[in-house]
Amino acid sequence: MLHRGKETPSPPVHVRLWVPVEDRHVRVKDKEDQTGDILHSTFRVMQYNVLAPSYRRPTSKKHCPKHAMAWGYRGENIMAEIRHFNPTFLCLQEVEGYDGSPASQFYGNNTDEFFRKHLSRLGYEGCYYPRGPGEIDGCSLYWKSSRARVVRPPHAVQYANIIPRPSCPPGRRDDPRRYMENGVIVFTVLEVNNIKDNDYPLQKTYHTSPSPQSTLLCLVTTHLYWDPSKSDLKIMQCRALMQSITHYLIKEFPEFEHNPDLISVIIAGDFNSKPKSGAFKLLREGSIPGDHHEMRGYVHEEDISIPEQFSGYKLKSAYAPVGHPFTNYTNTFK
């Protein structure tokens, strides 16, 4: 940095404190190889909302130094963390792509291209989908080609296309577009190598079943709507999320309907929800009462539930074993 012809040092970088959880690895279902030995598969998942450059409004990020908001600074530091933690799977939100739309032409940021270029050099394959028509950002999935290969090509579903119109609570004005907010679910089915980082062929080959030394894994990412006043929409998005995953897996793997242990599922994303929220409770327990206070009277159902393949505490929270009191901390939110 230059000031009045003199070079001045950049502000010091704040070093984040990380909570080690190496002793709490999530392990996919153990298998036996042909020799009878148990194959243990451990892997690392990194979840990151990278903040779309077009959303870096100074008025809403007053706690963050201006230099740290620039993509040239943030992008390189995000890649430094990815290289350091070396994840097997990477789930990103608020990635900006360029699709030729007026919005993407106006803002001109293409962090999708940035990640594709840098991550391909590290041995990752991946995909990107915008969160809706004309939107400037979306979600990305990446996986190490040395540990996983595609069984089914990446797939995306937009919430606005699958969530039914809300009912109007008594005494309120009808709001048919309340659930029409854009958002996307991105998922793919991978065959994960359970033994070691043997290099798979880089060409895409779509297999129908895993080998004896591998495990099927459905990797999912999403970004729920942000507005606290629409807690009912977040709950409906969670239900739509689980319904979409279930319907897709049953369609592609019919045996999954009666044997959900056939495919492991990892869901990582920005849920814009607290641990005691209705959205989290729905995912954790499988159902919530239709008159739950966070539904705000917009859905007239006795119960709101997710498919039985995932209900009843079958989904485990990655944060629960850590016991961390919060996952985000600013001067206005903890």
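Residues numbered from 1 in each chain as written. Predicted model: local features only at pLDDT ≥ 70, side-chain atom pairs only at ≥ 80, totals over all residues. Heavy atoms only, no water.

Colleague: Got a sec to walk through helix α5 (residues 231-252)? Specific residues and values, please.
Modeller: Compared with an ideal rise of 1.5 Å per residue, which puts 22 residues at 32 Å, α5 spans 32 Å between its outermost C-alpha atoms and is within 8% of the ideal. Across the 22 residues of α5, 17 count as buried, placing the element largely inside the fold. (Helix = DSSP H or I, 4+ residues; strand = E, 2+ residues; numbered from the N terminus. Expected span 1.5 Å × (residues − 1). Buried < 20%, exposed > 50% of the residue type's maximum accessible area, 1.4 Å probe, protein only.)

Colleague: I'd like a rundown of the pairing of strand β11 (residues 214-223), residues and numbers included.
Modeller: The element β11 is largely enclosed, with a buried count of 10 among its 10 residues. Residues Ser214, Leu216, Cys218, Val220 and Thr222 line one face of β11 and the alternating positions Thr215, Leu217, Leu219, Thr221 and His223 line the opposite face, and both faces are buried. Two strands pair when backbone bridges link them, and strand β10 (residues 184-193) and β11 are joined in this way by 9 bridges, in the antiparallel orientation. From the neighbouring strand, threonine 188 faces β11, where its bridge partner is leucine 219. Bridge count for β11 against strand β12 (residues 264-270) is 7 bridges, and the pairing is parallel. (Pairing = 2+ DSSP bridges.)

Colleague: Explain the packing of α5 against helix α6 (residues 278-285) to me, using residue names and the numbers behind them.
Modeller: One can describe the packing of α5 onto α6 by two numbers: an axis separation of 8 Å at closest approach and a directional angle of 25 degrees. If you check the angle between α5 and α6, you find them roughly parallel. Considering only the axes of α5 and α6, their crossing is right-handed. Taking contact as the criterion, the partners of Lys234, Ile235, Cys238, Arg239 and Met242 in α5 are, on α6, Gly278, Ala279, Leu282 and Leu283. (Axes fitted to C-alpha atoms, helices over the stretch in contact; angles between N-to-C directions. Parallel < 35°, antiparallel > 145°, perpendicular 65-115°, else oblique. Left-handed = near helix turned anticlockwise from the far one by under 90°. Contact = heavy atoms within 4.5 Å.)

Colleague: Any details on unusual backbone geometry? Residues and values, ideally.
Modeller: Positive phi, normally seen in glycine, also occurs at asparagine 86, with a value near 50 degrees. Structurally, asparagine 86 can be placed in the loop between α2 (71-85) and β6 (89-96). One non-glycine residue with positive phi stands out, namely glutamate 94, at about 60 degrees. Its location among the elements puts glutamate 94 in strand β6. Owing to a relative accessible area of 11%, glutamate 94 belongs among the buried residues under this scheme.

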